[in-house]
Amino acid sequence: MAQPLPPLSRRRLLRGLLAAAAVTALPSPGGLARAAEPLTRELPGTGEALPRVGLGSWITFNVGDDPVLREECTAVMAAFFAAGGRLIDSSPMYGSSQATIGHALERLEAVDCVYAADKVWTSSPAEGPAQIEASRQAWGVPRFDLLQVHNLLGWEGHLETLQAMKAAGEVRHLGITTSHGRRHEEVERIMRRVPLDCVQLTYNIVDREAESRLLPLARERGIGVIANRPFQRKRLIRRLAGKPLPPWAAEINATTWAQFILKFIISHPAITCAIPATTRVDHVRENLAAAREPLPDDAMRRRMADHVRGL
C-alpha cells in the first residue's frame, strides 16, 4: 500500500494551498481531500513503495519565470499530491523545469511529500557533482531520492559518482535512462554489469521493444523500471482522439484513452511507475485515477494492444 502523507505534511500542504488562495488555478482547501490511494509497487530491494503513476516535467514545466504558468504548474503538483502521487521526475536538460518544481514545493510547503527523481546530464563526469548540487538547490530538497544518468551520457564516470553518493547517504537510489526506444543493447549491458536500483525507458501500448529483453531482465536483476513517454508526447492521444473506447474498457474502469494506455503500462509486472507529463489539473487527476483496481491481466493486455494496433 502507498505510504500516506504524515499529518504534518497534510497540514503543510493545506497551509500552502491557503497561502496561494488568490491564484484561481489552485484548488480550494476543500479540494484537498485525498482520493482513494493509488496502487503502488515496490522499487525492488529498497522497501520503497511508489504509486504506479508519477509526474514528468519535460516541456510542460519549462515555463521560465512566467508567474501565471508557474502557478498553473503549482496547481498541477497540488492536485498530484492530493491524489496520492509522489514521484516527480526532472533533469537539467529540461530548461526551467527544476526551478518550477522547486517553486511549487516551496509554495505548497510540500518537500516532504515528494519522491524526488532527477538526473545528471553532462559529458564530463568531473562536472557531475556541481550539476547535481545545482539541481538539488533548484528543487530545494535536502537530497534526491533517485539520481539517474540521463540518456547514458558519460555513464561510467557518473555512476561512480552516484555510487559514492549513495554510500555516503547523499542519494537514496540510482539508475540510468534512455528514451525514444534507443540504445537498448547498451542499457542491457549496463544492467547486467552494474548494480542499479532503477532504469528509465520508453514503454507504452505501441512502443513495446523493451518487453523482449529489458523488462524481463529488470525482473531477473531486481531493478525498478520507470516508463517514460507513455503517450508518445501526446501523439498517441491525438491519434486516438475521436475514436470511441471499446465497450470492454469498462471491465478495467478505463473511462478515457489516457487511462486505457496507463493501465496497460502499469499492469506489466516489471514496471514500477509511468511518468506522464501534463499542464492540466484535470489530466493529472485522470492519470492518477488509472492507478487503481482493476488492472488488466495478460489476456486483457493482449486484447488492448491488438485493439489499438487495429485503429
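Each value, and the rule that gives it
Think of each chain on its own: its residues are numbered from 1, step by step along the sequence as written. The predicted nature of this model means local features are confined to residues of pLDDT at least 70 and side-chain atom pairs, given and counted, to a pLDDT of 80 or more, with totals for whole chains, interfaces and linings taken over all residues. Side-chain measures here rest on the full set of heavy atoms in the structure, leaving out hydrogens and waters. Only the stretch in contact is used when a helix axis is fitted, and all axes are lines through C-alpha atoms; the angle between N-to-C directions ranges over 0 to 180 degrees. Numbered from the N terminus, helices here are DSSP runs of H or I no shorter than four residues, and strands are runs of E no shorter than two. Each angle is binned into one of four classes, with values under 35 degrees roughly parallel, values over 145 roughly antiparallel, values of 65 to 115 roughly perpendicular, and all other values oblique. Here a crossing is called left-handed whenever its near helix is offset anticlockwise from the far helix by less than a right angle, and right-handed whenever the offset is clockwise. Here, residues are in contact when the closest pair of their heavy atoms is within 4.5 Å. Note on residue categories: nonpolar means Ala, Val, Leu, Ile, Met, Phe, Trp, Tyr, Cys or Pro, charged means Asp, Glu, Lys or Arg, and polar means any other residue, Gly included. Working rule for helices: expected span equals 1.5 Å times residues minus one. Exposure classes here rest on a 1.4 Å probe applied to the protein chains alone. A residue is buried below 20% of its type maximum, exposed above 50%, and partly exposed in between. Strands were regarded as paired on the criterion that DSSP finds at least two bridges between them. Handedness rule for crossovers: strands pointing away from the viewer, path from the first strand over the helix to the second running clockwise, crossover right-handed. What qualifies as a polar contact is a pair of N or O atoms within 3.5 Å, subject to a donor-acceptor requirement within protein and to the restriction that residues adjacent in sequence count only when both atoms come from side chains. Residues enter a nonpolar core if they are buried and are Ala, Val, Leu, Ile, Met, Phe, Trp, Tyr or Cys, with the set joined through side-chain atoms within 4.5 Å. Patches draw on residues past 30% relative accessible area with no salt bridge. Two like charges within 9 Å are joined, as are two nonpolar side chains (Val, Leu, Ile, Met, Phe, Trp, Tyr) within 5 Å. Here the Shrake-Rupley method, with its probe set to 1.4 Å, supplies the accessible areas, and only the displayed protein chains count as covering residues. Just to be clear on terms, a salt bridge is a Lys or Arg side-chain nitrogen sitting within 4 Å of an Asp or Glu carboxyl oxygen. When charges are tallied, Lys and Arg are placed among the positive residues and Asp and Glu among the negative ones, while His and the ends of the chain are skipped. For charged residues, the charge sits on one atom: NZ in Lys, CZ in Arg, CG in Asp, CD in Glu. Two rings belonging to Phe, Tyr or Trp (six-membered ring only in the last case) form a pair when the distance between their centres is within 6.5 Å. Interplanar angles under 30 degrees mark stacking, angles over 60 mark edge-to-face geometry, and anything in between is tilted.

Peer 1: Whenever I open this one, the packing of helix α2 (residues 67-82) against helix α10 (residues 281-289) confuses me. Can you help?
Peer 2: Two packed helices can be described by the angle between their axes and the distance between those axes. With their axes 8 Å apart at the nearest point, α2 and α10 run at an angle of 25 degrees to one another. Considering their axes alone, α2 and α10 lie roughly parallel with respect to each other. The handedness of the crossing between α2 and α10 comes out as right-handed. Side by side, α2 and α10 meet where Ala75, Val76, Ala79 and Phe80 of the first sit next to Val281, Val284, Arg285 and Leu288 of the second. When its residues are assigned to classes, the contact of α2 with α10 shows 7 nonpolar, no polar and 1 charged.

Peer 1: Got a minute to help me understand helix α5 (residues 155-167) in this structure?
Peer 2: Because the α-helix completes a turn every 3.6 residues, residues three or four places apart line up on one side. Here α5 spans 18 Å end to end across 13 residues, near enough to the 18 Å set by a 1.5 Å rise per residue. Those residues of α5 not exposed but buried are Trp155, Gly157, His158, Leu159, Thr161, Leu162 and Met165. The inward-facing, buried residues of α5 contact β4 (115-120), α4 (128-139), β5 (144-149), β6 (171-177) and α6 (184-193). Gly169 sits one or two residues past α5 and shows a positive phi near 75 degrees.

Peer 1: Can you walk me through the pairing of strand β7 (residues 198-202) in this structure?
Peer 2: For a regular strand, side-chain orientation follows a simple rule: the groups alternate between the two sheet faces. Of all 5 residues that make up β7, 5 are buried, and the element is covered over most of its length. Neither face of β7 is exposed, since Cys198, Gln200 and Thr202 on one face and Val199 and Leu201 on the opposite face are all buried. Where β6 lies against β7, 3 bridges are found, and the strand directions are parallel. Counted as the bridge partner of Thr177 is Gln200 from β7. The parallel pair β6 and β7, bridged by α6, forms a crossover whose chirality is right-handed. In this structure, β7 lies alongside strand β8 (residues 224-228), joined through 5 bridges in parallel fashion. Residue Val199 lies in a different strand from β8, and its bridge partner there is Val225. In the classification by handedness, the crossover that spans β7, the intervening helix α7 (residues 214-221) and the parallel β8 is right-handed.

Peer 1: Help me understand the pairing of β6, please; the structure alone is not making it clear to me.
Peer 2: The buried fraction of β6 is high, at 6 of 7 residues. Note that the unit made of β5, α5 and β6 has a crossover that is right-handed.

Peer 1: Please clarify how the environment of Asp282 should be interpreted in this entry.
Peer 2: Structurally, the position occupied by Asp282 is in helix α10. Considered as a pair, Asp282 and Ala79 are 203 residues apart in the sequence and their alpha carbons are 8.5 Å apart. A polar contact of 2.6 Å, which involves the side chain of Asp282, links it to the side chain of Arg280.

Peer 1: What is the right way to read the nonpolar core from this model?
Peer 2: Considering soluble globular proteins, one finds that nonpolar side chains tend to be buried as a cluster. Residues Met77, Phe81, Leu159 and Leu196 are the most contacted members of the largest nonpolar core, which totals 83 residues. With residues up to four places along the chain from it excluded, the contact list for Leu196 reads Leu159, Leu174, Gly175, Ile176, Ile190, Met191, Gly222 and Ile223. Core analysis: the next-biggest nonpolar cluster, separate from the first, contains 10 residues, Leu43, Leu50, Ala117 and Cys198 among them.

Peer 1: Even after reading the chapter, I still don't get a positive patch on the surface, so can you show me in this structure?
Peer 2: Where like charges cluster on the molecular surface, the positive patch consists of Arg233, Lys234, Arg235 and Arg238. Inspection of the secondary structure puts Lys234 in the loop between β8 and α8 (235-240). Taking the relative accessible area as the measure of exposure, Lys234 reaches 52% and is therefore exposed.

Peer 1: What should I look at first to understand the packing of aromatic side chains in this one?
Peer 2: One pass over the structure, following the stated rule, counts 6 aromatic pairs. Judged by centre distance (5.0 Å) and plane angle (45 degrees), the rings of Trp58 and Tyr94 are tilted. Taken together, the residues Trp58 in the loop between β2 (48-51) and α2 and Tyr94 in the loop between β3 (87-89) and α3 (97-108) connect sequence positions 36 residues apart. On the accessibility criterion, Trp58 (30% relative accessible area) is partly exposed. Summarising the aromatic geometry, the rings of Phe80 and Phe81 are spaced 5.7 Å apart at their centres and angled 55 degrees between planes, so their arrangement reads as tilted. Classification of Phe80 as buried rests on a relative accessible area of 0%.

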